[in-house]
Amino acid sequence: MAEVEVAPIEELPPGTMRLVPTGAVTIGVYNCDGKLYAIEDRCSHDDGPLCEGEWEPGLCVVVCPRHGSRFDLQTGIPMSLPAFEAVPTYAVSVRSDGVVVMEVPD
Ligand code: FES
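Read on for a plain summary of the structure. (Residues numbered from 1 in each chain as written. Predicted model: local features only at pLDDT ≥ 70, side-chain atom pairs only at ≥ 80, totals over all residues.)

**What to know about the environment of G28**
Then, in step 1: One can find G28 in strand β3 (residues 26–32).
Then, in step 2: For G28, a count of 22 C-beta atoms within 10 Å gives the class buried.
Then, in step 3: The spacing of G28 and E3 is 25 residues in sequence and 15 Å in space, taken between C-alpha atoms.
Then, in step 4: Excluding residues within four positions of it along the chain, G28 makes contact with M17, L19, I39, D41 and C51. (Helix = DSSP H or I, 4+ residues; strand = E, 2+ residues; numbered from the N terminus. Buried ≥ 20, exposed ≤ 12 C-beta atoms within 10 Å, placed from the backbone. Contact = placed C-beta atoms within 7 Å.)

**Let's talk about the sheet that holds strand β7 (residues 70–72)**
The pairing of strands in a sheet happens through backbone hydrogen bonds and is either parallel or antiparallel.
Then, in step 1: Read across the sheet, three strands follow the order β5-β6-β7 without closing on themselves; strand pairing throughout is antiparallel. Each edge of the open sheet is held by one strand with a lone partner, namely β5 (55–56) and β7.
Then, in step 2: Direction of pairing for β5 relative to strand β6 (residues 61–63): antiparallel, over a ladder of two bridges. Of the residues in β6, the one forming a bridge with E56 is V61. (Pairing = 2+ DSSP bridges.)

**Some thoughts on the nonpolar core**
Then, in step 1: In this structure, I27, V29, Y37, A38, I39, V92 and M102 are the most contacted members of the largest nonpolar core, which totals 26 residues.
Then, in step 2: Listed by contribution, the elements that provide at least two residues to this core are β3, β4 (35–40) and β10 (99–104).
Then, in step 3: Beyond its immediate stretch of four places on either side in the chain, I27 contacts V20, T22, A38, I39, E40, D41, Y90, M102 and V104. (Core = buried A, V, L, I, M, F, W, Y, C linked by C-beta atoms within 7 Å.)

**Thoughts on the pairing of β10**
Then, in step 1: As defined by bridge partners, strand β1 (residues 2–8) adjoins β10 across six bridges and the pair is classed as antiparallel. Of the residues in β10, the one forming a bridge with A2 is V104.
Then, in step 2: Relative to β10, strand β9 (residues 92–94) runs antiparallel, the two being bridged by three bridges. In the sheet register, V92 faces β10, and the bridge partner there is M102.
Then, in step 3: In this antiparallel pair of consecutive strands, β9 and β10, the connection spans four residues, and G98 shows a positive phi of 85°.

**A short note on unusual backbone geometry**
Then, in step 1: The omega torsion across L81 and P82 is 15°, close enough to zero to call that bond cis.
Then, in step 2: The residue P82 is located in the loop between β7 and β8 (89–90) in this model.
Then, in step 3: Phi at D47 takes a positive value of approximately 60°, unusual for a residue other than glycine.
Then, in step 4: With respect to the helices, strands and loops of the structure, D47 is situated in the loop between β4 and β5.
Then, in step 5: D47 sits in the exposed class, given 9 other C-beta atoms within 10 Å.
Then, in step 6: You will see that C60, though not glycine, has its phi angle at about 60°, which is positive.
Then, in step 7: With respect to the helices and strands, C60 occurs in the loop between β5 and β6.

**Some details on the environment of L73**
Then, in step 1: Mapped onto the elements, L73 comes out in the loop between β7 and β8.
Then, in step 2: With 29 residues separating them along the chain, L73 and M102 place their C-alpha atoms 14 Å apart.

Pasting the structure below:
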């Protein structure tokens, strides 16, 4: 696993999201009411750009902009069709220096 820096936590306040390119994949990092989640920016239904649509900060849910499947940001599990497979999620935390980091496969 490799540690990838996202941003200082002040730049990712509750209700915001940041897209982070990490080489092979782009990952959406969300601050959902103080809880941080990271999910791959690729829908499991048709490989659409999952994180470029709407999300629901109150429910910690992202909505695919292509066909409307809703995904739990914590688990990546779809909550509605047409998607039925989970999207990869990643561990994300705030380092002691205040920088948000996530663990991604090498
Ligand atoms: S590409 Fe996401 S629901 Fe179809």
